[in-house]
Amino acid sequence: MRTVELLCSPPLEQAVRAAWDRLAAAGLPSLARNTHPSNRPHLTLASVEAFPAGAAERLADLVDAALPLPVRLDRIEVLDGSAPLVWLLRPAPELTALHAAVWDVLADADGQHPWHAPGRWIPHLSLALRFRDNDRRLARAVAGVDRPAGEFVAARSYDGDTRTVRPLGRGSPAN
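Residues numbered from 1 in each chain as written. Predicted model: local features only at pLDDT ≥ 70, side-chain atom pairs only at ≥ 80, totals over all residues. Heavy atoms only, no water.

Another point: the layout of surface pockets. Of the pockets and cavities examined, the largest pocket occupies roughly 1,100 Å³. Residue lining of the largest pocket: 34 residues in total, with His-42, Thr-44, His-124, Ser-126 and Leu-129 positioned closest to the centre. Looking at the lining of the largest pocket, the elements with two or more residues in it are β1 (2-8), β2 (42-48), β3 (69-78), β5 (124-128) and β6 (149-159). Top contributing element to the lining of the largest pocket by residue count: β2, with four residues. (1 Å grid on protein atoms, 1.4 Å probe; cavity = no way out; pocket = protein on both sides within 12 Å on 5 of 7 lines; lining within 4 Å. Points joined across faces, edges and corners; volume = space filled by probe spheres on them. Helix = DSSP H or I, 4+ residues; strand = E, 2+ residues; numbered from the N terminus.)

In this section: the packing of helix α1 (residues 10-25) against helix α4 (residues 136-143). For any two helices packed against each other, one specifies the inter-axial angle together with the distance between the axes. As a packed pair, α1 and α4 sit with axes 9 Å apart at the nearest point and diverge in direction by 130°. Classified by the angle between their axes, α1 and α4 sit oblique to one another. Judged by the twist between their axes, the crossing of α1 over α4 is right-handed. When α1 is examined against α4, the residues Ala-19, Arg-22 and Leu-23 are found in contact with a partner set consisting of Ala-139, Val-142 and Ala-143. (Axes fitted to C-alpha atoms, helices over the stretch in contact; angles between N-to-C directions. Parallel < 35°, antiparallel > 145°, perpendicular 65-115°, else oblique. Left-handed = near helix turned anticlockwise from the far one by under 90°. Contact = heavy atoms within 4.5 Å.)

With that settled, the discussion passes to the confidence of the model for the protein. Chain-level statistics for the protein give a pLDDT mean of 91 and a share of 96% at 70 or above. Mean pLDDT per element in the protein: α4 is the minimum at 88, and β2 is the maximum at 97. (pLDDT = per-residue confidence, 0-100.)

What follows covers the pattern of salt bridges. Following the criterion strictly, the structure yields nine salt bridges and no others. For Arg-17, the salt bridge goes to Glu-13, with nearest N and O atoms at 2.9 Å. With Arg-17 and Glu-13 both in helix α1, this residue pair falls four residues apart, about one helical turn. Judged by its relative accessible area of 31%, Arg-17 is partly exposed. Look at Glu-13 and you get buried, because its relative accessible area is 12%. When the shortest N-O distance is used, the salt bridge between Glu-13 and Arg-40 registers 2.6 Å. A residue pair is termed long-range when its members are at least 10 positions apart, and Glu-13 in helix α1 and Arg-40 in the loop between α1 and β2 qualify at 27 residues. (Salt bridge = Lys/Arg side-chain N within 4 Å of Asp/Glu carboxyl O. Buried < 20%, exposed > 50% of the residue type's maximum accessible area, 1.4 Å probe, protein only.)

Among the structural elements, Leu-127 can be located in strand β5. For the pair Leu-127 and Leu-31, spaced 96 residues apart in sequence, the C-alpha separation works out to 5.7 Å. Leave out the neighbours within four places in its chain, and Leu-127 touches Val-16, Ala-19, Trp-20, Leu-23, Ser-30, Leu-31, Ile-76, Leu-85, Val-86, Trp-87 and Ala-143.

The following block contains the structure:
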């Protein structure tokens, strides 16, 4: 599996990590407990089995042209399916356009994961991966103290086979 992810500006990342910490301190599930070096707040735009030839370069060009992108966090929800607790985003038109352009680049990719596809994608930053819906009210009170704003400033790709990340674009850090 390969992803296309946007990374938060330092103040926005700090706000999300603070929410992770508040959830953990309250005894709730939280990504604060994930100690893998690649664990950081991010927005997933796409997930596919593998990038087609030349896609990484085209994706790098896209994110270099689009970033930075403003973002404002909205309400906290539990998504259906695998039940992640997430902070929903208010997607700006520029973010929606970048998302569509990423999917155009990956149109021929094998193993497209449909939950990120245009029309189905719910832009969010994850707070916890396995969450009980009946704890949602407490999670909102603990984690959703405010609705921070910031920017997406870099991009990366996660490789699920090696559990490593690679930068996408010139201004993107390795993790």
